[in-house]
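Architecture at a glance
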Amino acid sequence: MKKSNVKRWMPLYLMMAPGLIYLFINNYMPMAGLVVAFKNYNVVDGIFNSPWAGLSNFTYLFNDAWTITRNTILYNLAFIIINLVLGVTFAIFICEIRNKRCKTIYQSAILLPFLMSIVIVSYITFAFFSGENGMMNKSILPLLGKEAVSWYTEPKYWPLILVIVNTWKGVGYGCLIYISSISGIDPSFYEAAELDGSTKWQQIRYITIPCIMPSIITLTLMNIGRIFYSDFGLFYQVTQNSGQLYEVTNVIDTYVYRALLQSGNIGMASAAGFYQSVVGFICVLAANTVVKKMSPENALF
């Protein structure tokens, strides 16, 4: 029986093999390099023969710990909440469109920014906020009777700008997943609800949202796991690496990058990655525990 089962599933095993090999090489083999975070790494001695440094590689993270941790967490919380709400909203609206051609156009339009390079996004942002020729200073602000603003030297505007740019670029990914989940809901649920006289809002609240809740929880937990990671291009490229904006745009990834450029210390960069991974893992466990207590069937594990 075992031999017959092996023959039966062999095609699936062969199809899985390239992905599993890739996953092992790129995600599991490099885990041996975690020791670099605790060593004074140098190329001559290599990873395992370099002298131990204890926790000294982690200390520089706490020089500006409050600022970079605050920025990283608050931005990611805003991104998670806004992209979740807008992603579900747009998915529901698009699924209500009956014309297939229009539906395809809207799906493509909302996904297009997600497929753009962050470099292109940074140039689009610069076209809006350039101090000399930007659309805001040349067209929009004069119409409102406002004076021109030096956007790339004014930190107070950038929390909102970065949230808008991230939402415009990233909301399409989650939206398409929610569209797929909504499309898989049995239409008989809605037909029965209409016969009972329920409104469209009631159908969304009691049928659509509960049915796509597993997808919502899965994506949210994945995003929570990366709450200590940031979109490097968003905070570095889009802001043009402006030093005047560091107060509100400096996150863990950009801080580590700049520190690595100045010191060239690979051990410190590895310590930052180790720190982010451990905290992200703890956040996923905590979030999954909360979900498990509230709704055990929707927990990941």
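Presented here is an overview of the structure given in this document. (Residues numbered from 1 in each chain as written. Predicted model: local features only at pLDDT ≥ 70, side-chain atom pairs only at ≥ 80, totals over all residues. Heavy atoms only, no water.)

**Side note on the overall build of the protein chain**
The secondary structure content of the protein chain amounts to 14 helices and zero strands. Counting from the amino terminus, helix and strand elements in the protein chain follow one another as α-α-α-α-α-α-α-α-α-α-α-α-α-α. Taking all 301 residues of the protein chain together, 37% fall into the buried category. Here the contacts in the protein chain between residues at least 6 apart in sequence split such that 65% fall between residues at least 24 apart. When the accessible area of the protein chain is evaluated, it comes to approximately 18,500 Å², of which 67% is carbon and sulfur surface. If you average the places of the 20 positive and of the 14 negative side-chain charges in the protein chain, the two averages end up 11 Å apart. (Helix = DSSP H or I, 4+ residues; strand = E, 2+ residues; numbered from the N terminus. Buried < 20%, exposed > 50% of the residue type's maximum accessible area, 1.4 Å probe, protein only. Contact = heavy atoms within 4.5 Å. Areas by Shrake-Rupley, 256 points an atom, 1.4 Å probe, with all protein chains shown as cover. Lys, Arg positive; Asp, Glu negative; His and termini not counted. Charge placed at Lys NZ, Arg CZ, Asp CG, Glu CD.)

**A word on unusual backbone geometry**
For Gln240, which is not glycine, the phi dihedral falls at a positive 60 degrees. Within the secondary structure, Gln240 is located in the loop between α11 (232-236) and α12 (246-249). Judged by relative accessible area, Gln240 falls into the partly exposed class, the value being 40%. Residue Asn241 is not a glycine yet carries a positive backbone phi of 50 degrees. The residue Asn241 is located in the loop between α11 and α12 in this model.

**Here we look at the environment of Phe281**
One can find Phe281 in helix α14 (residues 266-294). A sequence separation of 170 residues divides Phe281 from Leu111, and the C-alpha atoms of the two residues are 29 Å apart.

**Considerations on the packing of aromatic side chains**
Throughout the structure, instances matching the rule amount to 17 aromatic pairs. Judged by centre distance (5.0 Å) and plane angle (65 degrees), the rings of Tyr75 and Phe235 are edge-to-face. Taken together, the residues span a long stretch of sequence, with Tyr75 in helix α4 (residues 65-95) and Phe235 in helix α11 at a distance of 160 residues. Each member of the pair, Tyr75 together with Phe235, is buried. Geometrically, the ring pair formed by Phe228 and Tyr275 is edge-to-face, given 5.6 Å between the ring centres and 85 degrees between the ring planes. With Phe228 in the loop between α10 (200-225) and α11 and Tyr275 in helix α14, this residue pair connects regions lying 47 residues apart in the sequence. The aromatic ring of Trp52 is capped on one face by Lys39, whose charged end is 4.5 Å from the ring centroid. Positioned above the aromatic ring of Phe114 is the side chain of Lys169, whose terminal nitrogen or guanidinium carbon lies 5.7 Å from the ring centre. (Phe/Tyr/Trp six-rings, centres within 6.5 Å; stacked < 30°, edge-to-face > 60°. Lys NZ or Arg CZ within 6 Å of the ring centre and 35° of its normal.)

**Notes on the pattern of salt bridges**
Scanning all chains against the criterion turns up one salt bridge. Across the pair Lys200 and Glu96 runs a salt bridge, and its minimum N-O distance is 3.4 Å. Of the two residues, Lys200 sits in helix α10 while Glu96 sits in the loop between α4 and α5 (100-115), which places them 104 residues apart along the sequence. Judged by relative accessible area, Lys200 falls into the partly exposed class, the value being 39%. (Salt bridge = Lys/Arg side-chain N within 4 Å of Asp/Glu carboxyl O.)

**With respect to the environment of Pro155**
Summarising the element assignment, Pro155 is placed in the loop between α7 (135-143) and α8 (158-183). Residue class for Pro155 comes out buried when judged on its relative accessible area of 19%. The sequence separation of Pro155 and Thr249 amounts to 94 residues, and the corresponding C-alpha distance is 8.2 Å. With residues up to four places along the chain from it excluded, the contact list for Pro155 reads Gln244, Leu245 and Val248.

**Description of the side chain of Thr208**
Tracing the backbone shows Thr208 in helix α10. Every residue in contact with Thr208, bar those within four places of it in the chain, is listed here: Ile92, Ile182, Ile185, Tyr190 and Gln203.

**Here's the deal with α7**
Listing the buried residues of α7 in full gives Met136, Asn137 and Leu141. The buried residues of α7 all sit within an arc of 75 degrees when viewed along its axis, so they share a single face. Away from the buried face of α7 by more than 90 degrees, exposed residues Lys138 and Leu143 are located. Looking at the packing, one finds that the buried side of α7 touches α6 (118-129). Phi turns positive one or two residues past the end of α7, at Gly145, with a value near 75 degrees. (Arc of directions from axis to C-beta.)

**Here's the deal with the nonpolar core**
In this structure, Tyr75, Trp151, Trp158, Leu162, Leu234, Phe235 and Val238 are the most contacted members of the largest nonpolar core, which totals 21 residues. When residues of this core are traced back to their parent elements, those giving at least two are α4, α6, α7, α8 and α11. A total of five residues in this core trace back to one element, the largest contributor, which is α8. Aside from chain neighbours lying at most four places away, what touches Phe235 is Tyr75, Phe79, Leu162, Ser230, Thr249, Val251 and Thr254. (Core = buried A, V, L, I, M, F, W, Y, C linked by side-chain atoms within 4.5 Å.)

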